Amino acid sequence: MQKTVAVLGGGIGGLSACYHLSKNPQVSKIVLLESSGRFGGWLHSTRRADGAVFEHGPRGLRPNGAVGRNTLNMVSELGLEKEVLPVTYDHVASKNRFLYVGGQLHKMPSSLSGVVRTVPPFSRPLILSVLKEMVVARGEEEDETVHSFVSRRLGAELADIAIDCLCRGVFAGDCRELSVRSCFPLLFDAERARGSIVLGMMLGSGSGPDVPPSALASRAQRERWAQWSLQKGMQMLPDALEEWLRNGSHVQIHKHTAVKELATGGNGWEIKMEDGTVKADHIISALPAHALASALPPAAQPLSEQLRKISMVTVAVVNLEYEGSILPVIGFGHLIPSSEDRGVLGVVYDSVPFPEHNRTGAPTTRLTVMMGGAWFQEVFGSVEEVTEKCFLDRATQAVSSHLRVSAQPLWSSVAILKDCIPQYHLGHWKRLENIRHYIGHHNLPLTLIGASYDGVSVNDVIFSGRKAAQGLVGEV
Ligand SMILES: C=Cc1c2[nH]c(c1C)Cc1[nH]c(c(CCC(=O)O)c1C)Cc1[nH]c(c(C)c1CCC(=O)O)Cc1[nH]c(c(C)c1C=C)C2
């Protein structure tokens, strides 16, 4: 029998699920419901008439691993190959990353000599921590915070500075609360399998899903791409997916359609919106966990309770454009540990990896300052009350003190990404186990995808959409 699948949420995960469902002959109808007026979620680019492109959310994607190959395969199938802007590992934006500690920028070691010497802000050569790591006893806990795990294995200094920064760059989160098991499963598994992160990384600790590479993904590997973007910004990807879905005969696309309530009925669902009801045999939810919790029926209260425990943080993203080449250093950008400044997380030097996104004509420098995250409320107060001007002032202050830039920006934009990154706090794995057990035990025709569960990167989210769509084969 042919079935109807409803996909809730038109971010990149929901679009990816629809794309793969549209190739599944067992699915006769796909209904995509998006509450806002646009698809793509946090993938959002401003394209100015003079050719300049500014990213308000994720910028370069990584090509590595099964999930990275999977995204490039999709890019290729969507006909976007010619739009790809690769950045290789030997590019200066891949080699040079900085930390802002003690009022100064410090280049992170990127070669062997940087690992064997003492390189500030660290007080001893990194090689000593690495060698010692191999003999530290295996942890016994089911989960541990990222900070505690790294302090135990590599020392407090690396945890306080490097890992604190990394967690701010990836999760905009606090490494003292984030779970190593869920945020860095490769590190956790390496310790479990080999007793050491270093040995685990060298020897490998298991294989990922099998995703054969397209010609584009093979090219990325051959040419050693570290990251890539698209000519007119990352938003080209959801735009191309939307076009693909609009050309499909059995996909119904709805924008401005918020889901109010979900009710189970017969073997499927009744999805109540402001102006009508849709019936579906199966739901793929690409909504953030807390948004799904609010729509679930009262009978599913234990599930809603678990979903609500997956918290989110808000990031203020300020894009700045300056006249000329104003950077005192060249690289990917710099991160700031929470001990130095709790509110400003980092600065990305966008024009270094992607000069193609600069306006045509005279040279410019494009920067993005990221603020808030896990410290948003503490530093800036309530998201409803804080003004865009406050973020713009704080961002230009940070650029002038960290990069010694006294010029005023030519152009700026402030975006407040409310609840944009889920936080996999200590015990996240157990919450996922409870959630999946509830869904299985109650035979709910419901699949959860998106950043709230098994990985926050764009590649992870796209892959979760594919897995959900393919997992329905034989089931719907
Ligand atoms: C809106 C802000 C975001 C911040 N992190 C993410 C977003 C969308 C998500 C994210 N960023 C990175 C990853 C890792 C995996 C990947 O797919 O690339 C994820 C899930 C990488 C990254 N982005 C920045 C940094 C410093 C890193 C760490 C790794 C690296 O050095 O390449 C830029 C950056 N992103 C955020 C901040 C605060 C920041 C600071 C410069 C938050």
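Attention in this report is confined to the structure presented alongside it. These numbers were taken from a predicted model, which means no experiment stands behind them. (Residues numbered from 1 in each chain as written. Predicted model: local features only at pLDDT ≥ 70, side-chain atom pairs only at ≥ 80, totals over all residues.)

Focus: the sheet that holds strand β1 (residues 3-8)
One open sheet accounts for five strands, arranged β9-β2-β1-β13-β19; its pairing is parallel. At either margin of the open sheet sits one strand with a lone partner, and together these are β9 (251-254) and β19 (446-448). Neighbour to neighbour, the strand axes of the sheet diverge by 15 degrees on average, direction disregarded. Here four bridges tie β1 to strand β13 (residues 282-285), and the two strands are oriented parallel to one another. Each bridged residue has a counterpart across the sheet, and for V7 the counterpart in β13 is I284. (Pairing = 2+ DSSP bridges. Helix = DSSP H or I, 4+ residues; strand = E, 2+ residues; numbered from the N terminus. Axes fitted to C-alpha atoms, helices over the stretch in contact; angles between N-to-C directions.)

Description of the packing of helix α1 (residues 12-21) against helix α18 (residues 458-471)
At a minimum axis separation of 7 Å, α1 and α18 run at an interaxial angle of 35 degrees. The way α1 lies across α18 gives a crossing that is right-handed. Across from I12, G13, G14, S16, A17, H20 and L21 in α1, the residues of α18 making contact are V458, V461, I462, S464, G465, R466, A468, A469 and Q470. For the contact of α1 with α18, the residue count by class is eight nonpolar, seven polar and one charged. (Left-handed = near helix turned anticlockwise from the far one by under 90°. Contact = placed C-beta atoms within 7 Å. Nonpolar A, V, L, I, M, F, W, Y, C, P; charged D, E, K, R; others polar.)

Focus: the sheet that holds strand β7 (residues 104-107)
Overall, mixed pairing links the seven strands, which are arranged β7-β6-β15-β16-β17-β14-β18 in an open sheet. Edge positions in the open sheet fall to β7 and β18 (411-422), since each of these has one partner strand only. Going from strand to strand, the sheet's axes swing by 25 degrees on average, the running direction of each strand aside. With nine bridges connecting them, strand β14 (residues 312-323) and β18 associate as antiparallel partners. Looking at the pairing, A316 lines up with I416 of β18. Across the sheet, helix α16 (residues 388-403) is in contact with β6 (97-101), β7, β14, β15 (333-335), β16 (344-348), β17 (364-373) and β18; its angle to β17 comes to roughly 120 degrees.

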